Amino acid sequence: MTDRTAPTAHPIADLFAARWSPRSYDEARAVPDAALAQVLEAARWAASCFNDQPWNYVVARRDKEAEGYAKLFACLSANNQGWAGKAPVLILAVARTTFAHNGNPNRHAGHDLGQASANLAAQAAALGLQAHQMAGFDAAKARETLAIPEGFDPLVMITLGYPGPAEALPEALASRETAPRVRRAVADFTHLGAWGANGAP
Ligand SMILES: Cc1cc2nc3c(=O)[nH]c(=O)nc-3n(C[C@H](O)[C@H](O)[C@H](O)COP(=O)(O)O)c2cc1C
């Protein structure tokens with residue numbers, strides 16, 4: 001299996017370095033229910049504005065929620081459909097856009113859903129699974145086919161499963177699966193004390 005551990009500039013916790021977004025999944029290996037429960041539990045413990053917990057996940061296992069899985073898969077972009085169908089679990093991540101306690105708009109709903117999904121992905125990595133988040137899907141179609149009510153925003157879809165070999169992918173995707181992992185430098189996004197005063201601690 002390709003080693004995709006992040007080549008970090010400083011040591012970081014293993015689960016962050018181990019997380020990556022595969023396109024090749026081991027089709028034959030289902031995600032055990034206990035592991036799926038752990039991954040969702042990690043999402044559950046994310047921080048959120050007013051502890052509002054605006055996250056919702058439509059989770060479809062290919063073997064257990066086949067109809068839901070097919071509906072979710074049909075919402076993906078053609079590019080993502082090119083590889084995502086081998087993942088044993090498809091997830092639609094949906095943010096509630098207003099606060100539960102007063103009905104006011106929650107400007108941070110997307111941020112908090114993202115935090116929960118980051119927890120989900122990190123916990124997946126800790127279990128030898130990997131998640132791959134995708135913006136490439138038809139949100140209006142997802143809303144319609146899954147009967148997502150108003151006030152809830154389908155923001156991202158996620159594949160989950162055990163990664164498979166890069167060679168199992170078509171050539172164009174296989175090369176992306178093994179390309180070096182790159183990131184902006186810390187000093188590029190860190191502004192020390194003032195905007196534009198970029199630097200690294
Ligand atoms: C909100 C979001 C949307 C993304 N959308 C897609 C997508 O539609 N298709 C895809 O192949 N990857 C998608 N990705 C994955 C990113 O391309 C990937 O996270 C990035 O290249 C860094 O790679 P890594 O996750 O392996 O570190 C998305 C990631 C995020 C967080």
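Summarised in this report is the structure supplied together with it. (Residues numbered from 1 in each chain as written. Predicted model: local features only at pLDDT ≥ 70, side-chain atom pairs only at ≥ 80, totals over all residues. Heavy atoms only, no water.)

**Side note on the site of the ligand**
Then comes step 1: Taken together, 13 residues surround the ligand, and among them Ser 21, His 132, Ala 135, Arg 181 and Arg 183 come closest.
Then comes step 2: For the ligand, a nitrogen atom lies 2.9 Å from a polar atom in the side chain of Asn 80.
Then comes step 3: In isolation the ligand exposes 620 Å². Once the protein is present, 61% of that is buried.
Then comes step 4: Put simply, the parts of the chain that give the shell around the ligand at least two residues each are helix 4 (78–84) and strand 3 (130–134).
Then comes step 5: The biggest single contributor to the shell around the ligand is strand 3, with three residues.
Then comes step 6: Counted by class, the shell around the ligand contains four nonpolar, five polar and four charged residues. (Near = heavy atom within 4 Å. Polar contact = N/O pair within 3.5 Å; in protein donor to acceptor, adjacent residues only side chain to side chain. Areas by Shrake-Rupley, 256 points an atom, 1.4 Å probe, with all protein chains shown as cover. Helix = DSSP H or I, 4+ residues; strand = E, 2+ residues; numbered from the N terminus. Nonpolar A, V, L, I, M, F, W, Y, C, P; charged D, E, K, R; others polar.)

**Thoughts on the environment of Lys 141**
Then comes step 1: Along the polypeptide, Lys 141 turns up in helix 6 (residues 139–145).
Then comes step 2: Judged by its relative accessible area of 34%, Lys 141 falls in the partly exposed class.
Then comes step 3: For the pair Lys 141 and Leu 72, spaced 69 residues apart in the sequence, the C-alpha separation amounts to 9.3 Å.
Then comes step 4: The contacts of Lys 141, once residues within four sequence positions are left out, are Ala 74 and Cys 75. (Buried < 20%, exposed > 50% of the residue type's maximum accessible area, 1.4 Å probe, protein only. Contact = heavy atoms within 4.5 Å.)

**Re the side chain of Thr 159**
Then comes step 1: The topology assignment puts Thr 159 in strand 4 (residues 152–161).
Then comes step 2: Among the polar contacts made by the side chain of Thr 159, one reaches the side chain of Tyr 25 at a distance of 2.9 Å.
Then comes step 3: Excluding residues within four positions of it along the chain, Thr 159 makes contact with Tyr 25, Trp 83, Ala 84, Ala 87, Val 89, Leu 90, Gln 130, Ala 131, His 132 and Met 134.

**Concerning the pattern of salt bridges**
Then comes step 1: Counted by the stated rule, this structure contains seven salt bridges.
Then comes step 2: Across the pair Arg 61 and Glu 65 runs a salt bridge whose closest N-O atoms are separated by 2.6 Å.
Then comes step 3: Residue classification places Arg 61 among the buried positions, given a relative accessible area of 18%.
Then comes step 4: Judged by its relative accessible area of 26%, Glu 65 falls in the partly exposed class.
Then comes step 5: Salt-bridge contacts for Lys 71 lead to Glu 67; the nearest nitrogen and oxygen are separated by 3.9 Å. A residue pair is termed a helical-turn pair when its members lie 3 or 4 positions apart in one helix, as Lys 71 and Glu 67 do in helix 3 (residues 66–75) at four residues.
Then comes step 6: Lys 71 gets classed as partly exposed once you look at its relative accessible area, which sits at 33%.
Then comes step 7: Among the charged side chains, a network of salt bridges with common partners joins Asp 33, Arg 61, Lys 64 and Glu 65. (Salt bridge = Lys/Arg side-chain N within 4 Å of Asp/Glu carboxyl O.)

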